[in-house]
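# An overview of the molecular structure
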Amino acid sequence: NRHAFEDRWPTVLGEQLGTDKVHIIAEGLGGRTTIFDDFSSCSDRNGASVLPTILGSHQPLDCVVIMLGTNDMKPYTAGDAIASASGMQRLAEIVRTFPYWNDYTAPKTVLVAPPLCVKTDHADLDPMFAGAPEASRDLAKHYERIARESGCAFFDASTVASASPLDGVHLDAENT
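What you see is a predicted model; the values in this text were computed from it and never measured.

How each quantity is defined
Every residue gets a number counted from 1 within its own chain, in the order that chain's sequence is written. Given that the model is predicted, a residue must reach a pLDDT of at least 70 before its local features are reported, and side-chain atom pairs must reach 80 or more before they are shown or counted; all residues, however, enter totals for whole chains, interfaces and linings. Excluding hydrogens and water, the side-chain values take into account all heavy atoms of the structure. Salt bridges are defined by distance alone: a side-chain nitrogen of Lys or Arg within 4 Å of a carboxyl oxygen of Asp or Glu. Put simply, DSSP H or I for four residues or longer makes a helix, DSSP E for two residues or longer makes a strand, and each gets a number counted from the N terminus. Only protein chains enter the calculation, and the probe is 1.4 Å; a residue is then buried if its accessible area is under 20% of its type maximum, exposed if over 50%, and partly exposed in between. In this description, a nonpolar core means a group of buried Ala, Val, Leu, Ile, Met, Phe, Trp, Tyr and Cys residues linked to one another through side-chain atoms lying within 4.5 Å. Note on ring pairs: Phe, Tyr and Trp rings are taken, using the six-membered ring of Trp, and paired if centres are within 6.5 Å. Classes follow the plane angle, with under 30 degrees stacked, over 60 edge-to-face and the rest tilted.

### A short note on the pattern of salt bridges
It is possible for side chains of opposite charge to pair when their charged atoms get near one another. The tally for this structure, following the rule as stated, stands at five salt bridges. The shortest N-O distance in the salt bridge between Arg90 and Glu93 comes to 3.0 Å. Linking Arg90 with Glu93, this pair stays in helix H3 (residues 81-97), spanning three residues, or about one helical turn. Residue classification places Arg90 among the partly exposed residues on the basis of a relative accessible area of 38%. Asp126 serves as the salt-bridge partner of Lys119, at 2.8 Å between the closest nitrogen and oxygen.

### Some words on the nonpolar core
Leu55, Ile66, Met73, Met88, Leu91, Val95 and Leu111 are the most contacted members of the largest nonpolar core, which totals 31 residues. Going through the elements one at a time, helix H2 (47-58), strand S1 (63-66), H3, strand S2 (108-113), helix H5 (132-135) and helix H6 (139-150) are the ones with two or more residues in this core. Broken down by element, this core gets its largest block of residues, seven residues, from H3.

### What about the side chain of Asp167?
Looking at the secondary structure, you find Asp167 in the segment after strand S3 (153-156). Take Asp167: its relative accessible area is 11%, and that puts it in the buried class.

### Focus on the packing of aromatic side chains
The final tally for this structure, using the stated rule, is one aromatic pair. Each ring, one from Phe98 and one from Tyr100, has its centre 5.0 Å from the other, and the planes form 65°; the classification is edge-to-face. Like Phe98, the residue Tyr100 is buried in the burial classification.

Written out as structure tokens, the structure is:
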């Protein structure tokens, strides 16, 4: 409910690329981590657990863009950029080694470092993401290394977008 579907970055990306030429499948889920379990929700938030199902559901795919890591910054999931980068490395490996149908090759993969977490006065998210503004500063350098080592493309979303200070972690409509 933060902003309209038309304003979300996968929708904007599809519009910019031309919906007659591409089909963007958004698999966003609030609270999703790279490889860490978070049982505070009724749905599986562990990216490594759900990625094989997502790949199987939507194949064949030309490109997979993964922008995760913000929720890894929670102290009770991982709390640091190195752990999150290890998670991204595992996700890249899953994309590369998944048994695609009919001899399809693995899709190109883009690892995206999310925008930096910022300080917030939000009553719940400030303590939930304690230390995240500092820890998230190292995401891009570690993700870039992992992308290079894994043969993936890399993009640092913090070069073009900022998290909203309303909650410290999510993008507002303007930043998508």
